[in-house]
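# Observations on the three-dimensional arrangement
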Amino acid sequence: MAIKVNNLKFSYGEKETLKGVNVHIKKGKFTGILGPNGCGKSTFLKNVLGYLKSNSGNVKINNIDRDEVSKKEIAKIISLVPQKSNLMATMSVEDFVLMGRLPHLKSSWSGYTKEDKNMASENLKFLGLDKFKERIALSLSGGEFQRVLLARALTQNPEILLLDEPTSALDLNHAVELLNRVKTLVQDKELTSVAVLHDLNLASMFCDELIIMKDGKVAYQGTPKEVLTEEILKEVYNLKSKVLKDENGYPYVIPLI
Ligand SMILES: Nc1ncnc2c1ncn2[C@@H]1O[C@H](COP(=O)(O)OP(=O)(O)OP(=O)(O)O)[C@@H](O)[C@H]1O
Ligand SMILES: [Mg+2]
């Protein structure tokens, strides 16, 4: 089941940004969300989580109606790596990552348990961030901090992981490594992951399914082979391109000037 969204609408003030989004994000898959700047991708993720209050429509997360449970209950199931974050970055990397355990604390005054600390520590190691754990999060480089955001989201131990441009500050090697780690969790631990990506070729390599948004709606949904076509890229991005296939038939996109 994972996420089912029905006729979701949202406005910032007068301007309607989501104009009736209908989509089914499948459990245990890695889904990419693509689309031009400003088409509503980040707004969509924030609406799914309930950070922004939709005007109308309905979001079901693993068969639970999102509006019928508390934010804390939602946070036990789903975590977000945001596009931007300056939240509490004055704390140490280790403490910042431990914040992922907050939704799981028995009460707001019970401290972190040994298991909580172990989980934070394992995720720091998993993402090669162990060496930074005593640093002030604010002092990390953009790319290092972006990986710390993922470590915090994984420490939340979610069934569903939402990533908003998780590789935007990463060099190609770290971008591939991060997506590969997420893909491993999807394949081995049945994690459901949804990532907003701008790199069409990374999306093609790593995602099982792609959702292409345009102007506040889902324009296309399908496998990379189905939706990464020259016609669709021209229509959605107004981009002239040549779409080639690698030896496994996966599309890769060469923009034409
Ligand atoms: N707080 C806000 N107040 C008013 N308008 C907003 C606000 N946040 C976003 N918008 C507008 O809503 C539209 C969708 O924004 P959103 O951040 O969802 O786009 P996006 O698809 O994630 O784009 P990008 O690829 O650039 O991250 C944009 O036109 C943006 O300017
Ligand atoms: Mg965005």
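Residues numbered from 1 in each chain as written. Chains lettered and ligands numbered in written order. Predicted model: local features only at pLDDT ≥ 70, side-chain atom pairs only at ≥ 80, totals over all residues.

The full set of residues close to ligand 1 is Tyr12, Thr17, Gly35, Asn37, Gly38, Cys39, Gly40, Lys41, Ser42, Thr43 and Gln83. When its residues are assigned to classes, the shell around ligand 1 shows two nonpolar, eight polar and one charged. (Near = placed C-beta within 6 Å. Nonpolar A, V, L, I, M, F, W, Y, C, P; charged D, E, K, R; others polar.)

This part covers the sheet that holds strand β8 (residues 192–196). Taking strand neighbours across the sheet as the criterion, the six strands line up as β6-β7-β8-β3-β9-β10 in an open arrangement whose pairing is mixed. The sheet is open, and its two borders are formed by β6 (78–81) and β10 (217–222), each paired with just one other strand. Direction aside, the axes of adjacent strands within the sheet are offset by 20° on average. One ladder, built from four bridges, connects strand β3 (residues 30–34) with strand β9 (residues 209–214); its direction is parallel. Its bridge partner being in β9, isoleucine 33 is matched across the sheet by isoleucine 211. On top of the sheet, helix α5 (residues 142–155) reaches β6 and β7 (160–164); it is set at about 175° to β6, its chief contact. Seen against the sheet, helix α6 (residues 172–189) touches β3, β7 and β8 and runs at an angle of roughly 135° to β3. (Pairing = 2+ DSSP bridges. Helix = DSSP H or I, 4+ residues; strand = E, 2+ residues; numbered from the N terminus. Axes fitted to C-alpha atoms, helices over the stretch in contact; angles between N-to-C directions. Contact = placed C-beta atoms within 7 Å.)

Right, let's get into the nonpolar core. Ranked by size, the top nonpolar core spans 68 residues in total, and within it Ile3, Val97, Val148, Leu150, Ala151 and Leu162 carry the most contacts. With seven residues, the single largest contributor to this core is α5. Excluding residues that lie within four positions of it along the chain, valine 97 makes contacts with Ala120, Asn123, Leu124, Val148, Ala151, Arg152 and Thr155. (Core = buried A, V, L, I, M, F, W, Y, C linked by C-beta atoms within 7 Å. Buried ≥ 20, exposed ≤ 12 C-beta atoms within 10 Å, placed from the backbone.)

Most peptide bonds adopt trans geometry, and most residues besides glycine take a negative phi value. Unlike most non-glycine residues, asparagine 7 shows phi in positive territory, near 45°. Checked against the element boundaries, asparagine 7 lands in strand β1 (residues 3–12). Phi is positive for glutamate 190, which is not a glycine, with a value near 55°. One can find glutamate 190 in the loop between α6 and β8. Under the C-beta neighbour-count criterion, glutamate 190 is labelled exposed, with 11 such atoms within 10 Å.

The strands that make up a sheet pair up through hydrogen bonds in the backbone, lying either parallel or antiparallel. The four strands are arranged β2-β1-β4-β5 in an open sheet whose pairing can be described as antiparallel. On the outer flanks of this sheet lie β2 (15–25) and β5 (64–65), each paired with one strand and no other. Alignment of strand β4 (residues 56–61) against β5, held across two bridges, turns out to be antiparallel. Bridge pairing in β5 links lysine 60 to aspartate 65.

This paragraph deals with the pairing of β7. Each regular strand displays side chains that alternate between the two surfaces of the sheet. Burial within β7 is extensive, with five of its five residues counted as buried. Every second residue of β7 is oriented toward a common face, with Ile160, Leu162 and Asp164 on one face and Leu161 and Leu163 on the other, all of them buried. The pairing of β7 with β8 spans five bridges and is classified as parallel. What sits directly across from leucine 161, in β8, is serine 193. Taken together, β7, α6 and β8 constitute a β-α-β crossover, and its handedness is right-handed. (Right-handed = clockwise from strand over helix to strand, strands pointing away.)

Quick look at the packing of helix α4 (residues 114–126) against α5 now. It is the contact of α4 with α5, at a shortest axis distance of 9 Å, that shows an interaxial angle of 140°. Taken as axis vectors, α4 and α5 run oblique relative to one another. The hand of the α4/α5 crossing is right-handed. Here Met119, Ala120, Asn123 and Leu124 of α4 come into contact with α5, specifically with Ala151, Leu154 and Thr155. Residue classes in the contact of α4 with α5 are distributed as five nonpolar, two polar and no charged. (Parallel < 35°, antiparallel > 145°, perpendicular 65-115°, else oblique. Left-handed = near helix turned anticlockwise from the far one by under 90°.)

This part is about the environment of lysine 183. Within the element layout of this structure, lysine 183 appears in helix α6. For lysine 183, a count of 17 C-beta atoms within 10 Å translates into the label partly exposed. Sequence spacing of lysine 183 and aspartate 208 is 25 residues, and the spatial spacing of their C-alpha atoms is 9.6 Å. Not counting chain neighbours up to four residues away, the residues in contact with lysine 183 comprise Phe30 and Phe206.

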